[in-house]
Amino acid sequence: MKRADKETFVKEFRERVRTTSVLYLMDFSGLDVQSMTQLRQRLKESGGEFMVVKNRLVIRALQALDVEFPDLTEHLTGPTGVVMGFDGPVEPAKALSDFAKKNQSRPVFKVGIVDQQLVDIAQFQQLAKLPPRDQLLAGLAGGFQEPLTSLVAALQGKLQEVLGLMEALRHGSESGEG
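Now for a look at the structure at hand. (Residues numbered from 1 in each chain as written. Predicted model: local features only at pLDDT ≥ 70, side-chain atom pairs only at ≥ 80, totals over all residues. Heavy atoms only, no water.)

## Points about the side chain of serine 46
Relative to the helices and strands, serine 46 is located in the loop between helix 2 (33–45) and strand 2 (48–53). Excluding its chain neighbours within four sequence positions, the residues that come into contact with serine 46 are Glu91, Pro92 and Ala95. (Helix = DSSP H or I, 4+ residues; strand = E, 2+ residues; numbered from the N terminus. Contact = heavy atoms within 4.5 Å.)

Okay, here's the thing in structure tokens:
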């Protein structure tokens, strides 16, 4: 890689890190080209991106960030792939976990960063077990809808009661006059 290409990579990588809230470092050794292509496709579908990186250049890019960022130097050894998630931490974690189950535990999780905080393997596995964002939002909306439905039903019952009383009063006043 030429010096100009390295500088371009560092600059572009730094900008991408600024725009993502999720970064997972993976050891991709043991995956063939076809598997890597499938992994990239699966991550793309889940709102993520996978790229094979040179550890030195990632260290340089992260050190040049103007925001507080955890030190990943000790994790940037050996073959490293970086997964960036642009739609939240759950979907890429789920995609990586599902892919690893079908591919002899490859790629191997090294460390992650979610909202500028380090994520270890246990936290990563918990993220992977969460339901997708859309499902969580649907559950939340359903949780709000149920009490409102009950309120509407209760109000309708009271309205029917009031209408019944008014009808009885009308019949009573009509029969009292005649």
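## Some points on the sheet that holds strand 4 (residues 108–114)
Ordered by their spatial adjacency, five strands build an open sheet running 2-3-1-4-5, and the pairing between neighbours is antiparallel. A strand with exactly one partner marks an edge of an open sheet, and here the two such strands are strand 2 and strand 5 (117–119). The mean inter-strand angle of the sheet, taken between neighbouring strand axes irrespective of direction, is 20°. One ladder, built from six bridges, connects strand 1 (residues 22–27) with strand 4; its direction is antiparallel. Paired with leucine 25 across the bridge in strand 4 is valine 111. (Pairing = 2+ DSSP bridges. Axes fitted to C-alpha atoms, helices over the stretch in contact; angles between N-to-C directions.)

## Digging into unusual backbone geometry
Cis peptide bonds are those with omega within 30 degrees of zero, and the linkage from arginine 106 to proline 107 qualifies with 0°. Relative to the helices and strands, proline 107 resides in the loop between helix 4 (90–102) and strand 4. One non-glycine residue, glutamine 104, lies in the positive phi region at around 50°. For glutamine 104, the position within the fold is in the loop between helix 4 and strand 4. Look at aspartate 115: it is not a glycine, yet its phi comes out positive at around 50°. If you trace the backbone, aspartate 115 turns up in the loop between strand 4 and strand 5.

That is the geometry; function is a separate question.
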